[in-house]
Amino acid sequence: MPADLQFFFRAKEAGVFQHLDAERVQKINDEVGGRDIAVVMCGDCSHSRDKMAHLFQVFRGNEPHVLAFNGGGMMADAMAPANNRGGFNSAPFVQYQILQTLQVKDEIAQIFLEAHFPCAVAGRANMTIVSQIRSLIAAKRIIKERIIKERISGRRLPVKIGLLFHLYNDSVSVEECRRMYYFCDNTMEDFLLQQAPSSV
């Protein structure tokens, strides 16, 4: 099994990757009084149908506002290796789009930043699953900081930011392939610290 998948399944067995479920999403929306969610995802045509089908299944009762960029949510991290190719860094634009969404869609109470494996954009930049995850975590913290610092005008709701990872691998069981997972940034960082350097 490739090293990327070995890491993924170690993290899943440790409970770091968790299935994204409707009850969890709805509970957070109920807590803050929100209705809708935003998803910043990779628009990969090889996987978008599967990803969208899963999102609509999980987010039933919530209207997803979808922002699709090559590379997905990790592209909000200016230091992501995929953002340092071709002389153009898309992070400012991706961040602007996320913040603009919060300004014009007042009912959004949660934003999910997504990346997936395999991803052509990540692959061209030699990004592993671990480096994609590190960039997602960095992106979350950047967006959170900007929301607080810039005091997005006109919003009545606080905003939660979640992290998603989509695995697309038909070589594993049906239960594991084509599945969207949620992970907590702090839990993931603790798990990464426990791994041998050669495994991450």
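Since the structure is predicted, the reported quantities are computational estimates derived from the model, not experimental observations.

Engineer: What am I meant to see in the packing of helix H4 (residues 91-104) against helix H6 (residues 129-150) here?
Structural biologist: The description of two helices packed together rests on the angle between their axes and the distance between the axes. Closest axis-to-axis distance for the H4/H6 pair is 11 Å, and the angle between their directions is 50°. With respect to H6, the axis of H4 lies oblique. Crossing geometry of H4 relative to H6 is assigned as right-handed. Residues Gln-95, Ile-98, Leu-99 and Leu-102 of H4 lie in contact with H6, whose contacting residues are Ile-142, Ile-143, Arg-146, Ile-147 and Glu-150. Across the contact of H4 with H6, the residue classes tally to six nonpolar, one polar and two charged.

Engineer: When you look at the sheet that holds strand S2 (residues 36-42) in this model, what are you seeing that I'm missing?
Structural biologist: Read across the sheet, six strands follow the order S1-S6-S5-S4-S2-S3 without closing on themselves; strand pairing throughout is mixed. What marks the edges here is a single partner per strand, and that holds for strand S1 (18-19) and strand S3 (64-69). Sheet topology places S2 next to S3; six bridges connect them, and they run parallel. Pairing of Ala-38 across the sheet is with His-65, part of S3. Those strands touched by helix H3 (residues 48-58) are S2, S3, strand S4 (108-117), strand S5 (160-167) and strand S6 (179-183), and its axis lies near 160° from that of S2.

Engineer: Can you help me understand unusual backbone geometry in this one?
Structural biologist: Generally, phi is negative for residues other than glycine and the peptide bonds are trans, each holding for most cases. Looking along the chain, the bond that leaves Phe-117 and enters Pro-118 is cis, with omega of -5°. As for its placement among the helices and strands, Pro-118 is situated in the loop between S4 and helix H5 (120-124). The backbone of Asn-126 shows a phi angle near 60°, a positive value even though the residue is not glycine. You can see Asn-126 is positioned in the loop between H5 and H6.

Engineer: Would you take a moment to explain the confidence of the model for the protein for this structure?
Structural biologist: Detailed reading of the predicted coordinates is not advisable wherever pLDDT is low. Residues at a pLDDT of 70 or more form 86% of the protein, whose mean pLDDT is 83. Within the protein, no element has a lower average pLDDT than helix H2 (residues 22-32), which sits at 73, and none a higher one than helix H7 (residues 185-194), at 94.

Engineer: I keep staring at the environment of Ala-22 and nothing clicks. Help me out?
Structural biologist: Residue position: Ala-22 is located in helix H2. With a relative accessible area of 18%, Ala-22 lands in the buried category. Distance from Ala-22 to Arg-60, taken between C-alpha atoms, is 7.2 Å for residues 38 residues apart in sequence. Beyond its immediate chain neighbours, meaning those up to four positions away, Ala-22 contacts Val-58 and Arg-60.

Engineer: What am I meant to see in the pairing of S5 here?
Structural biologist: Here S5 lies mainly inside the structure; seven of its eight residues are buried. Where S4 meets S5, eight bridges bridge the pair, whose relative direction is parallel. Along S5, the bridge assignment pairs Ala-115 with Phe-165. Of the strand pairs in this sheet, S5 and S6 are connected by five bridges, and their pairing is antiparallel. From the neighbouring strand, Phe-165 faces S6, where its bridge partner is Tyr-181.

Rules used in this analysis
Residues numbered from 1 in each chain as written. Predicted model: local features only at pLDDT ≥ 70, side-chain atom pairs only at ≥ 80, totals over all residues. Heavy atoms only, no water. Axes fitted to C-alpha atoms, helices over the stretch in contact; angles between N-to-C directions. Helix = DSSP H or I, 4+ residues; strand = E, 2+ residues; numbered from the N terminus. Parallel < 35°, antiparallel > 145°, perpendicular 65-115°, else oblique. Left-handed = near helix turned anticlockwise from the far one by under 90°. Contact = heavy atoms within 4.5 Å. Nonpolar A, V, L, I, M, F, W, Y, C, P; charged D, E, K, R; others polar. Pairing = 2+ DSSP bridges. pLDDT = per-residue confidence, 0-100. Buried < 20%, exposed > 50% of the residue type's maximum accessible area, 1.4 Å probe, protein only.

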